[in-house]
Amino acid sequence: MDEIGEDGLLRHVIPVPLALRVLFVAFGAFIIVIATFELHRGVWPLNIASPFFLFLILGAWSVGGPIAWAGLTGPAGLWTIGPGRIVIGRKQPFRALQEDAFLAGDGARLMVMEKDSMEGDPTFAVVLVAPDGRRFETRPLGSRAAAERLLARIEAVFTPGEKAVSPSDCA
């Protein structure tokens with residue numbers, strides 16, 4: 001998935017499959033529709049229990065809405081790394097392609113970040129920290145070694161001729 005093309009650029013794809021988008025929208029809509037359909041009779045006609053049922057319906061909307069919204073607007077990404085330049089593109093279904101470009105001397109930092117998981121093993125990602133503080137992450141990787149290998153590949157293409165420094169070299 002992280003291949004150096006014939007043009008010498010390394011491309012790292014962060015996909016969001018259409019099936020995942022459809023599932024998110026369907027689950028979010030299901031939560032909203034079922035809760036509203038089943039509980040609306042408790043709200044109307046107005047009675048002593050109306051606020052309680054309205055609270056439940058609004059709770060369902062506050063859960064289902066963001067789930068559906070994530071399916072509609074979640075960005076897929078593409079990192080394109082070349083000598084002295086990293087371009088991070090984000091594509092959302094209803095928006096134009098957004099791109100951020102970082103040059104070798106502009107102060108952007110690359111590092112490996114561990115992300116704790118509530119269940120199971122932690123995941124790791126390579127993170128680009130922009131000079132203005134924004135963070136851009138690669139897709140999650142299963143081990144620190146895999147993230148360090150990806151970081152080394154990115155640095156090898158981004159800064160050709162310089163030796164990539166790994167955290168184990170600093171110890």
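Described below are features of the structure shown in this document. The shown structure was predicted, so the numbers you read here are calculated from the model rather than taken from an experiment.

Okay, the environment of Val13 next. When you line up the elements, Val13 lands in strand E2 (residues 10-14). The spatial distance from the C-alpha of Val13 to the C-alpha of Phe53 is 44 Å, given a sequence separation of 40 residues.

Here the focus is the pattern of salt bridges. With the rule as written, the count across this model stands at seven salt bridges. For the salt bridge of Arg90 with Asp100, the shortest nitrogen-to-oxygen distance reads 2.8 Å. With Arg90 in strand E4 (residues 85-91) and Asp100 in strand E5 (residues 98-103), this residue pair connects regions lying 10 residues apart in the sequence. Look at Arg90 and you get partly exposed, because its relative accessible area is 22%. What makes Asp100 buried here is its relative accessible area of 14%. A salt bridge links Arg134 to Asp132; the shortest N-O distance between them is 2.9 Å. With relative accessibility at 36%, the residue Arg134 sits in the partly exposed group. By relative accessible area, which is 53% here, Asp132 ends up exposed. Sharing partners across several salt bridges, the network here consists of Arg90, Asp100, Asp132 and Arg134.

Turning our attention to the packing of aromatic side chains. Going through the model one piece at a time under the given rule, you end up with two aromatic pairs. Residues Phe52 and Phe53 carry aromatic rings whose centres are separated by 5.5 Å and whose planes lie at 75 degrees to one another, so their mutual orientation is edge-to-face. Taking the ring centre of Phe37 as reference, the NZ or CZ of Arg41 above it sits at 5.8 Å.

So, on to the packing of helix H1 (residues 18-43) against helix H2 (residues 50-73). One can describe the packing of H1 onto H2 by two numbers: an axis separation of 7 Å at closest approach and a directional angle of 165 degrees. By the angle class used here, H1 and H2 are roughly antiparallel. Of the two possible hands of crossing, H1 and H2 adopt the one that is left-handed. Looking at the contact of H1 with H2, its residues break down into 20 nonpolar, nine polar and one charged.

So, how was this worked out
Residues numbered from 1 in each chain as written. Predicted model: local features only at pLDDT ≥ 70, side-chain atom pairs only at ≥ 80, totals over all residues. Heavy atoms only, no water. Helix = DSSP H or I, 4+ residues; strand = E, 2+ residues; numbered from the N terminus. Salt bridge = Lys/Arg side-chain N within 4 Å of Asp/Glu carboxyl O. Buried < 20%, exposed > 50% of the residue type's maximum accessible area, 1.4 Å probe, protein only. Phe/Tyr/Trp six-rings, centres within 6.5 Å; stacked < 30°, edge-to-face > 60°. Lys NZ or Arg CZ within 6 Å of the ring centre and 35° of its normal. Axes fitted to C-alpha atoms, helices over the stretch in contact; angles between N-to-C directions. Parallel < 35°, antiparallel > 145°, perpendicular 65-115°, else oblique. Left-handed = near helix turned anticlockwise from the far one by under 90°. Nonpolar A, V, L, I, M, F, W, Y, C, P; charged D, E, K, R; others polar.

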